[in-house]
Amino acid sequence: MENTNKRKTGSLRVLIAALLCLIVPYMASAQQAVTVQGRVTDAENQPLIGVSVLVKGTTTGVSTGIDGDYTITAPADGTLEFAFLGLKTQDIEIGSRSIINVVMEEDKTSIDEVVVVGYGVQKRGSVTGAVAGVKGSEMIQTKNENPQNMLAGRVAGLRVWQKSSEPGTFSNSFDIRGMGSPLVIIDGIPRTTEEFQRLNPNDIEDVSVLKDASAAIYGVRAANGVVLVTTKQGREGQAKVSYNGSFTFQVPSKMPKLANAYEAMTLYNEQSMNKVDGGSIIYTEDDFEAFRNGTRRTTDWNSLLFSDFSPQTQHDISISGGTEKTKYYVSMGYFYQEGFFRSGDLNYDKFNLRSNLSTKITKGLTFDLNISGIADQRNTPYTSSVDIIRNYWKQGVLYPAYADPENTMLNYEGLDLQQNTIAMMDSDISGYRKYDQKFFESSAALNLDFGAFAPALQGLTAKGLFSFDYRLNNNEIYRKEYYLYAYDEDTDSYNHIVYNGSSPSQLRREQYSKQQVLGQFVINYDRTFGRHHVSGLVGWEVQKRIGDNFYAQRDLAYSSPYLMAGVDAGQLGGMSSSYNDIYELANEALIGRVNYDFDNRYLIEAQFRYDGSSKFPIHSKWGFFPSASVAWRISDEPWMGWSRRALDNAKIRLSAGSMGNGNVSPYSYTSEMTVSTADDIVLGGSYPSYTSVGSTVPVSLTWEKSTTYDVGLDLDFFNNRLSVSGDYYRRYTTDMYTASVALPAV
């Protein structure tokens, strides 16, 4: 023990010495302070009042006075930071100077910021449509497992609401301007809302929302707007490793409290006594006394069913970097969330993996490869959470949850429909539902810059992209037979029954597969000639989607979650006929856009999409959807110079365009003959099958078209710290496919 103490004392001395070596030089340098003074002006030599002058790395600072003057004491080897809203922040080393005058420049970073639009990017100040965006770094300030929820309140006109907080359900909806679910584009590929909900929020670079006719370039499914999601890419520089981790406890804000046994009996008696035709007492004083002396036992369902808190953990790690030739971004994420049921059988976990790679193959030619995978599993008791909660509410507190005082045998006596809520909550007792999903998303692109080969072709680029996505759902629904008990006073023993709703044990397996193949070829042109800027694109896109499924179900000879334990009698096998589960769809489109602006003040944009869909009959498979928009950046007019200290951007926008809605059931234009079994005819000892005449088909079925007109105003103040955007819009929908009036019988 003495030697150990000596080692500890020696280590402490070494630590103190090391700290002194670090502190003493700092104290010495801190003593070499100088007084610095100067004047801060803008580009027009006008004094700036209220500029923050701070000794960088400390809390020492002053503000400039009415003449832009300042005086501050700082270390000779320190750095002064000058900051003011709407102007570029400057860091200036002091050195041996005692006078430092500073000229601050306007910061137009927010105006030059790039915004993702359909099939490309534009400078924020050059956008002519109603386009809003939010950075991924801003989104993650809202702590949530679902990126969709992180958008709530961050984009004007985008509504997000959550229908359930059950782990892994992602029971959310969102729309743009109340028009229905928008099209989701992730890294240039049309994908589902479910895939967006399961993205790792730390992988998101930014999200753009197309709210008006600017969405017309996506034609077929853009009538309700478009949400564009861009994931992070690698940047040139040393490898950067980032880790974010958290372990938290969720606590219910408030739980309903059930009445105790005495309150419940009193309420039942009052209800019975206040009937119109008279009433009688249900519970006598003997019943009250039975609960007081312990002859009868009550149940506190809240404490038996719900935990006081539930755990949640999230861990994300990413590695990014690269050279001038190759850049990479790789990330992995894990998320786990548990519900409030005490059994712990309501839970969800998710794994994310992403790799975004960009490499320069040769002069003017680059190759991009994006691959991501998501694997998640949602576990629930066999009975839904809603039914579990409803059940315990209706059971009341007058009968015990357990038949025996030791709480080993679940009770059925006195419970409504003999349903014991604890059995329903516990997967080990009543069974479970397991929803297993796997997503694979990939895209590979070649980008060719013709300007690298000839100066005359500067600004001309071409991009060819191929994408393959695959999704597999593997569901397991296991109902387990179990016993319930009741105490028999006459025999001083416990009777048991098989709960009717659990018998026989049963297993159902479901598999759903969905895949998407997409190809794009786009030619871009972007060039500036003096004060004139011209850009445009033309491209072709082909997409094919296939969905398939099957299921099998068997009653089990014994409780085992394997189909081989089942019996042949009553076994089922088949597939879902829902158009969301079984389909084969194709889309093709020709797209184009032209942009022109003069001096970044007067902006014009026109775009179109000639879209084809296999959902429509041959004579109306194709639809043409154009749009046009103009904008005037008033803030860049010479006569607006007086406002530039505070006003970064003032822009008036006008747009009009037509968008198609192809969200109709596929094959609606075909006449379907139904097969049924007769119940009033017997042929050969069995009921025969027969077919019915096909339904009347809508021969005029065509695209639903939404024409939108929009007038908007954008204002940005103080380096985009304050932004105001207002829009007035009208939308007209034609060629809607609705149910017709009933035709008279023939």
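What comes next concerns the included structure. Note that the structure is predicted; figures quoted are calculated from it, not measured.

1. Digging into the overall build of the chain
Next, step 1: Helices and strands together make up the secondary structure of the chain, namely eleven helices and 36 strands.
Next, step 2: Radius of gyration (C-alpha) of the chain: 34 Å, far over the 27 Å computed for a compact globule of 746 residues.
Next, step 3: For the C-alpha atoms alone, the extent of the chain along its principal axes is close to 100 × 95 × 65 Å.
Next, step 4: The burial tally for the chain puts 41% of its 746 residues in the buried class.
Next, step 5: For the chain, long-range pairs separated by at least 24 residues make up 66% of all intrachain contacts whose partners lie at least 6 apart in sequence.
Next, step 6: Here the chain holds 69 positive side-chain charges and 84 negative ones, and the gap between their average locations is 7 Å.

2. Describing empty space enclosed by the protein
Next, step 1: Enumeration over the complete set of coordinates arrives at seven cavities of 30 Å³ or more.
Next, step 2: By volume, the largest cavity is sized at about 100 Å³.
Next, step 3: Every residue lining the largest cavity is counted, 14 residues in all, and those nearest its centre are Met179, Lys211, Ala223, Thr708 and Arg731.
Next, step 4: Of the residues that constitute the lining of the largest cavity, the class distribution is seven nonpolar, three polar and four charged.
Next, step 5: Roughly 70 Å³ of internal volume is contained in the second largest cavity.
Next, step 6: Lining the second largest cavity, in full, are Val117, Gly118, Gln122, Val127, Thr128, Gly129, Val131, Leu210, Ser214, Arg593, Glu605 and Gln607.
Next, step 7: Residues that form the lining of the second largest cavity fall into these classes: four nonpolar, six polar and two charged.

3. Let's talk about helix α9 (residues 385-395)
Next, step 1: Buried within α9 we find Ser385, Ile388, Asn391, Tyr392 and Gln395. An end-on view of α9 places all buried positions within 125° of arc, on one side of the element.
Next, step 2: Close packing links the buried residues of α9 with α8 (301-305), β21 (365-381) and α10 (421-425).
Next, step 3: Trailing α9 by a residue or two, Gly396 shows a phi angle of about 70°, which is positive.

4. What to know about the side chain of Gln607
Next, step 1: Tracing the backbone through its elements, the reader meets Gln607 in strand β30 (residues 602-613).
Next, step 2: Accessibility expressed as a relative area gives 4% for Gln607, which makes it buried.
Next, step 3: Among the polar contacts made by the side chain of Gln607, one reaches the main-chain carbonyl oxygen of Ala213 at a distance of 3.4 Å.
Next, step 4: Residues within four places of Gln607 in sequence aside, it is in contact with Ala213, Ser214, Ala215, Ala216, Ile217, Gly592, Arg593, Phe625, Pro626 and Ser627.

5. Some details on the sheet that holds strand β13 (residues 183-186)
Next, step 1: Taken in spatial order, the five strands of this open sheet run β10-β15-β16-β13-β14, and their pairing is mixed. Strands with a single pairing partner mark the edges of an open sheet, and in this sheet they are β10 (131-135) and β14 (189-191). Each adjacent strand pair in this sheet contributes to an overall mean axis angle of 25°, direction not counted.
Next, step 2: Sheet topology note: the β10/strand β15 (residues 204-210) ladder contains five bridges and is antiparallel. In the strand pairing of β15, Val131 is matched with Leu210.

6. Observations concerning the packing of aromatic side chains
Next, step 1: Tallying each qualifying case throughout the model produces 21 aromatic pairs.
Next, step 2: Aromatic side chains Tyr119 and Tyr218 sit 4.9 Å apart centroid to centroid with 25° between the ring planes, which places their arrangement in the stacked category. Here Tyr119, found in the loop between β8 (114-117) and β9 (120-123), pairs with Tyr218, found in the loop between β15 and β16 (226-231); they are 99 residues apart in sequence, far enough to count as distant. The two residues Tyr119 and Tyr218 agree in class, both being buried.

7. Observations concerning a nonpolar patch on the surface
Next, step 1: The grouping of Val241, Tyr243, Ile317, Ile319, Val330, Met332 and Leu353 at the surface amounts to a nonpolar patch, some 620 Å² of accessible area in total.
Next, step 2: Mapped onto the nonpolar patch, the elements with two or more residues apiece are β17 (237-250), β18 (310-322) and β19 (326-338).
Next, step 3: In this fold, Val330 is placed in strand β19.

8. A few points about the pattern of salt bridges
Next, step 1: Enumeration over the complete set of coordinates arrives at 29 salt bridges.
Next, step 2: Across the salt bridge formed by Asp376 and Arg198, the nearest N and O atoms sit 2.8 Å from each other. One end of the pair, Asp376, is in strand β21; the other, Arg198, is in the loop between α5 (193-197) and β15, with 178 residues separating them in the sequence. Grouping residues by exposure puts Asp376 and Arg198 together as buried.
Next, step 3: With a shortest N-O distance of 2.7 Å, Glu510 and Arg508 are connected by a salt bridge.
Next, step 4: Within this structure, Arg177, Arg653, Asp710, Asp714 and Asp727 form a network of salt bridges that share partners.

9. Quick notes on the sheet that holds strand β1 (residues 33-41)
Next, step 1: Read across the open sheet, the three strands follow the order β4-β1-β7; overall the sheet is mixed. Since the sheet does not close on itself, it has two edges, and those belong to β4 (69-75) and β7 (102-103), each with one partner.

10. Here's the deal with unusual backbone geometry
Next, step 1: In this structure, Pro504 follows Ser503 across a cis peptide bond, with omega equal to -5°.
Next, step 2: Topologically, Pro504 is positioned in the loop between β25 (493-498) and β26 (506-529).
Next, step 3: Even without glycine at this site, Asp492 takes up a positive phi of about 50°.
Next, step 4: With respect to the helices and strands, the residue Asp492 is situated in the loop between β24 (483-488) and β25.

Rules used in this analysis
- Residues numbered from 1 in each chain as written.
- Predicted model: local features only at pLDDT ≥ 70, side-chain atom pairs only at ≥ 80, totals over all residues.
- Heavy atoms only, no water.
- Helix = DSSP H or I, 4+ residues; strand = E, 2+ residues; numbered from the N terminus.
- Rg over C-alpha atoms; globule rule 2.2 N^0.38 Å.
- Buried < 20%, exposed > 50% of the residue type's maximum accessible area, 1.4 Å probe, protein only.
- Contact = heavy atoms within 4.5 Å.
- Lys, Arg positive; Asp, Glu negative; His and termini not counted.
- Charge placed at Lys NZ, Arg CZ, Asp CG, Glu CD.
- 1 Å grid on protein atoms, 1.4 Å probe; cavity = no way out; pocket = protein on both sides within 12 Å on 5 of 7 lines; lining within 4 Å.
- Points joined across faces, edges and corners; volume = space filled by probe spheres on them.
- Nonpolar A, V, L, I, M, F, W, Y, C, P; charged D, E, K, R; others polar.
- Arc of directions from axis to C-beta.
- Polar contact = N/O pair within 3.5 Å; in protein donor to acceptor, adjacent residues only side chain to side chain.
- Pairing = 2+ DSSP bridges.
- Axes fitted to C-alpha atoms, helices over the stretch in contact; angles between N-to-C directions.
- Phe/Tyr/Trp six-rings, centres within 6.5 Å; stacked < 30°, edge-to-face > 60°.
- Patch = residues over 30% accessible without salt bridge, like charges linked within 9 Å, V, L, I, M, F, W, Y side chains within 5 Å.
- Areas by Shrake-Rupley, 256 points an atom, 1.4 Å probe, with all protein chains shown as cover.
- Salt bridge = Lys/Arg side-chain N within 4 Å of Asp/Glu carboxyl O.

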